[in-house]
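# Architecture and fold: a report
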2 protein chains.
Amino acid sequence: MERVEAACMIQTNELDTPFVLIDLDLVMGNIASMQAVADQNGIKLRPHAKTHKMPEIARLQMEAGASGVTVAKLGEAEAMIEGGIRNLLIAYPIIGPRKIERLAELLPKAHLTVVVESYDGMKAVSEAGRMAGLTVSVLIEVDSGFNRVGITQEEDVLAIARAIAADPWLKLEGLLTFAGQSYDAGDTEELLRTVKLEAETVRELTERLRKEGFEITVVSAGSTPSSPHVAGMPGITEIRPGTYVFGDLMQVKLGAHKLEHCALTVKVTVISRPAEDRAVIDAGTKVFSSDGEDSPIGTGRGYVPGRPGITLEWMTEEHGMLRLAPEEQGLKIGEQLEVIPVHCCAVVNLTDQVAAVRQGHVVELWKVSARGKVR
Amino acid sequence: MERVEAACMIQTNELDTPFVLIDLDLVMGNIASMQAVADQNGIKLRPHAKTHKMPEIARLQMEAGASGVTVAKLGEAEAMIEGGIRNLLIAYPIIGPRKIERLAELLPKAHLTVVVESYDGMKAVSEAGRMAGLTVSVLIEVDSGFNRVGITQEEDVLAIARAIAADPWLKLEGLLTFAGQSYDAGDTEELLRTVKLEAETVRELTERLRKEGFEITVVSAGSTPSSPHVAGMPGITEIRPGTYVFGDLMQVKLGAHKLEHCALTVKVTVISRPAEDRAVIDAGTKVFSSDGEDSPIGTGRGYVPGRPGITLEWMTEEHGMLRLAPEEQGLKIGEQLEVIPVHCCAVVNLTDQVAAVRQGHVVELWKVSARGKVR
């Protein structure tokens, strides 16, 4: 971290607002905690970079022991490779001629594993391998109850495994699943049911594939809420949580992150005081997004640490409307606040730059280099 | 438009997806329609650039007769000035030392009008004027029932008008209001009640200010849904609609835009066919945002023109889940679709580039140069 600390040492309140702040001490703590989950269970951690979208943070995750990073889109992979990350899982179907060309261009630059869940997707990855003259590692994505993507029938998994084995440009490494319904779990019991289904789906398929003679070395599962539970389930070799690196009110609501460990905040300024119990800040949905549900602590669309009397009641595109409890009615125009958002991934995806902060000082400004890389 | 048409002439289906497309013929029609509303009522049109965030489109609006453009943030003003726009209204309080410096830097570069709705905001604009050595045109923002920003009490409007008049760096031009509650109007009758309140609020205040000897030349009001109604109300001199330039399902739902005039679509690719009646596209909330409500025609979070059998049921960050009616179940992996979004402003705010399209051909790629300019 010397490189980072050598940089500028301005205070956060010298930044123009709204500005996204990343507390590095909290990030390091979050990274260490999830790495410990993987280490204690003797499995790999491959964090999803869709949350931070910054090679700087991917490098911190790798230095702490991550085996590589996960990305959703080729554009994110390109940004991560550009930023020096050399081991990537693209957990997304590769479809379309331009995508095949782009994958082929990336294959010589890093160790890439790519997800396949259809014959079209398989042929696309194979074609990229052929173009690059390189064998591509693939995981078959299976659905474990989320009803998004992924193969649903055992016989279809076997059929595609045979097709992959017969393809000269593909190497089957294993299975991948994402039980996104864990985000809708109302309580721990429901979350554990989800996790059990997730783990059992891939365990049964792994057994069946091994019985058929396939070598399965990777079984990848786990989101931020489910990873601590799924990590200990038999057969799982890798977890792919993303949001844990920062945490947000959505994860706090799910019981998956502690409020005091939320590492990403938005620095905002009070721009209007239209009434005693109302204030307006200079950030709305174009900073916070409209993602997710209200704060679990009754403070609306955000939470100002230590100040539960401030509720972010509603937003328009560039305005955030605060309701102030009596003890907060001294709030003045020009005052700055830090707000923990509902969904940190969406906040990062709206900003071009963040301030890496340590003990109230900006130690470096980072470009969000994979922001908007949806292709 | 020759400049544009001279450029590349690739077809839209040669673009990698997801890609935001702007149909220029529809944009020109939308621009002409709203200009006609202003012209027929003998008032000015100052379109809000927060929707398109592109000087290229602001120039089309100016060429069609707009008096200038409106922006929400200084960063948007900077991008518009950089793109050649020389008449701007910053419809947002200027608060904070860095904002004052930035406003001072812009003042010599364009004719800027700035909104004031507090003493702190007034002092900030005055200080910027002093730094630049230029008098700044200001509008007092008043609240007409939206409960966001804006002065609520008549005596406070008068007091700030007197303070502005006494300030050597400020010139009071008039009043501004935004009746955003027009977006929540359930029917035309409710919308008309909103519009009446909007117009009456500023008319009464204008009369009172004139009685006190203030010269009021600008009375600015009107959103996309309310502009066609408020334009004819007595005393209004300017409307500031934004979304009309593209239109989206939110405006269609409000009855403020015709479905067939929606000019912005997202080109997407089918990446998975997990079941006969389900398909997945390569765009989710990181392309479409989570803004707004479902489609008014029962097609969920988007609408594929002419294909009501395709429903965008739900989204995750990078996946859009389609439900397919029987007649759409031939949809194949790799096929492309164009989707009209729920909220076009949010879609533009998530993309770095759009394709300007005419009759299915890409005539130019435009950078969304004011994207993410929230400061």
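What counts and how
- Residues numbered from 1 in each chain as written.
- Chains lettered and ligands numbered in written order.
- Predicted model: local features only at pLDDT ≥ 70, side-chain atom pairs only at ≥ 80, totals over all residues.
- Heavy atoms only, no water.
- Helix = DSSP H or I, 4+ residues; strand = E, 2+ residues; numbered from the N terminus.
- Rg over C-alpha atoms; globule rule 2.2 N^0.38 Å.
- Buried < 20%, exposed > 50% of the residue type's maximum accessible area, 1.4 Å probe, protein only.
- Areas by Shrake-Rupley, 256 points an atom, 1.4 Å probe, with all protein chains shown as cover.
- Lys, Arg positive; Asp, Glu negative; His and termini not counted.
- Charge placed at Lys NZ, Arg CZ, Asp CG, Glu CD.
- Pairing = 2+ DSSP bridges.
- Contact = heavy atoms within 4.5 Å.
- Axes fitted to C-alpha atoms, helices over the stretch in contact; angles between N-to-C directions.
- Least-squares fit on C-alpha atoms with pLDDT ≥ 70 in both.
- Salt bridge = Lys/Arg side-chain N within 4 Å of Asp/Glu carboxyl O.
- Polar contact = N/O pair within 3.5 Å; in protein donor to acceptor, adjacent residues only side chain to side chain.
- Phe/Tyr/Trp six-rings, centres within 6.5 Å; stacked < 30°, edge-to-face > 60°.
- Expected span 1.5 Å × (residues − 1).
- UniProt positions renumbered as here; feature names shortened; annotations may be inferred.
- Domains from an automatic or database assignment.
- Buried area = accessible area lost by both parts, 1.4 Å probe.
- Nonpolar A, V, L, I, M, F, W, Y, C, P; charged D, E, K, R; others polar.

The next thing to look at is the overall build of chain A. Secondary structure summary: chain A contains 12 helices and 18 strands in total. Expected size for 375 residues packed as a compact globule is a radius of gyration near 21 Å; at 22 Å, chain A falls within 12% of this value. Summarising its shape, the C-alpha atoms of chain A cover approximately 70 × 45 × 35 Å along the three principal directions. The buried share among the 375 residues of chain A stands at 62%. Here chain A displays about 13,500 Å² of accessible surface, and carbon together with sulfur accounts for 49% of that area. Seen as two clouds, the 39 positive and the 52 negative side-chain charges of chain A have centres 4 Å apart.

Attention now moves to the sheet that holds strand β3 (residues 44–45) of chain B. All names here are of chain B. Pairing is parallel across the open sheet formed by 8 strands, whose spatial order is β3-β10-β9-β8-β7-β6-β5-β4. At either margin of the open sheet sits one strand with a lone partner, and together these are β3 and β4 (69–71). With 4 bridges connecting them, strand β5 (residues 87–90) and strand β6 (residues 111–116) associate as parallel partners. Residue pairing for β6: L89 is matched across the bridge by T113. Contacts between helix α4 (residues 74–82) and the sheet are confined to β4, β5 and β6, with β5 contributing the most and set at about 175° to the helix. Packed onto the sheet, helix α7 (residues 154–165) meets β6, β7 (136–142) and β8 (170–177) and runs at close to 175° relative to β7.

Turning next to the sheet that holds strand β6 (residues 111–116) of chain A. On the basis of which strands lie adjacent, the open sheet formed by 8 strands has the order β3-β10-β9-β8-β7-β6-β5-β4 (chain A) and parallel pairing. Two strands lie at the open edges of the sheet, namely β3 (44–45) and β4 (69–71) of chain A, each paired on one side alone.

Turning our attention to the relation of the copies chain A and chain B. For these two chains of identical sequence, chain A goes onto chain B by a turn of 180° and a shift of 0.0 Å along the axis, with RMSD 0.0 Å. The superposition operator between the copies reduces to a two-fold rotation axis. Residues of chain A ranked by C-alpha distance from the rotation axis are headed by S290 of chain A, positioned 2.6 Å from it. Of all interface residues in chain A, 100% are interface residues in chain B too; the two copies therefore contact each other through one and the same surface.

Here we come to the interface of chain A and chain B. Each partner contributes residues to the interface: chain A has 57 residues there, and chain B has 57 residues. Inspection of the chain A/chain B interface yields 10 salt bridges. For K99 of chain A, the salt bridge identified is with D16 of chain B, shortest N-O distance 2.6 Å. If you look at where chain A meets chain B, you find 30 residue pairs in polar contact (both at pLDDT 80 or more). Every element with two or more residues in the side of chain A that touches chain B is listed here: α5 (97–106), β11 (264–275), β12 (278–281) and α11 (285–288) of chain A. At 5 residues, the largest contribution of residues to the side of chain A that touches chain B is made by β11 of chain A.

Right, let's get into the packing of aromatic side chains. For the structure shown, the criterion picks out 4 aromatic pairs over all chains. For the ring pair F146 of chain A and F178 of chain A, a centre distance of 5.6 Å and an interplane angle of 80° mean the geometry is edge-to-face. Pair noted here: F146 of chain A is in the loop between β7 (136–142) and α7 (154–165) and F178 of chain A is in the loop between β8 (170–177) and α8 (188–211), with a separation of 32 residues, a long-range link. Classification of F146 of chain A by relative accessible area gives buried; the value is 11%. Ring centres 5.2 Å apart and planes at 75° place the aromatic pair W314 of chain A and F146 of chain B in the edge-to-face group. Pair noted here: W314 of chain A is in strand β14 (residues 310–315) and F146 of chain B is in the loop between β7 and α7, and the two residues belong to different chains. What makes W314 of chain A partly exposed here is its relative accessible area of 27%.

So, on to α8 of chain A. Each turn of an α-helix holds 3.6 residues, which means side chains three or four residues apart point in the same direction. Residues and elements named next belong to chain A. The terminal C-alpha atoms of α8, which comprises 24 residues, lie 34 Å apart, in line with the 34 Å expected from a rise of 1.5 Å per residue. Taken together, the buried positions of α8 are occupied by L191, T194, V195, E198, A199, T201, V202, L205, T206 and L209. Buried-residue contacts for α8 involve β7, α7, β8, β9 (218–221) and α9 (227–230). Looking at the residues trailing α8, positive phi occurs at G213, about 95°.

The UniProt record marks residues 263–358 of chain A with the feature "domain: D-serine dehydratase-like" (unreviewed entry), using the residue numbering of this structure. The annotated region residues 263–358 of chain A carries 9% helix and 43% strand content, and the separation between its end C-alpha atoms amounts to 11 Å.

This part covers the environment of K99 of chain B. Examined against the element boundaries, K99 of chain B turns out to sit in helix α5 (residues 97–106). Take K99 of chain B: its relative accessible area is 9%, and that puts it in the buried class. Along the sequence, K99 of chain B and K73 of chain B sit 26 residues apart, while their C-alpha atoms lie 9.8 Å from each other. Other than its neighbours up to four places away in sequence, K99 of chain B contacts D16, T17 and D282 of chain A together with L74, I94 and R375 of chain B.

In this section: the side chain of R301 of chain B. Residues and elements named next belong to chain B. Take R301: it is sitting in the loop between α11 (285–288) and β13 (302–303). For R301, a relative accessible area of 12% gives the class buried. Among the polar contacts listed, one links the side chain of R301 to the backbone oxygen of D291, at a separation of 2.6 Å. There is a polar contact of 2.9 Å between the side chain of R301 and the backbone oxygen of G292.

Looking now at the domain arrangement of chain A. Residues and elements named next belong to chain A. As assigned here, chain A comprises domain 1 (24–245) and domain 2 (259–365). For domain 1 versus domain 2, the separation of C-alpha centres amounts to 33 Å. Contacts between domain 1 and domain 2 engage 13 residues on the former and 14 residues on the latter. Among the residues domain 1 hides against domain 2, the three largest losses belong to L24, D25 and L26. Together they make up 43% of the total. One salt bridge in this structure joins R358 and D25, with 2.9 Å as the shortest N-O distance. Our enumeration of links across domain 1 and domain 2 arrives at 3 residue pairs in polar contact (both at pLDDT 80 or more). Its residues assigned to classes, the side of domain 1 that touches domain 2 comprises 6 nonpolar, 4 polar and 3 charged.

Here we take up the pattern of salt bridges. Throughout the structure, instances matching the rule amount to 50 salt bridges over all chains. Residues R371 of chain B and D352 of chain B are paired through a salt bridge, measuring 3.3 Å at the closest nitrogen-oxygen approach. Here R371 of chain B, found in the segment after β18 (361–367), pairs with D352 of chain B, found in the loop between α12 (344–348) and β17 (353–358); they are 19 residues apart in sequence, far enough to count as distant. For D352 of chain B, a relative accessible area of 34% gives the class partly exposed. It is possible to trace a salt-bridge network through shared partners that takes in D16 of chain A together with E78, K99 and R102 of chain B.

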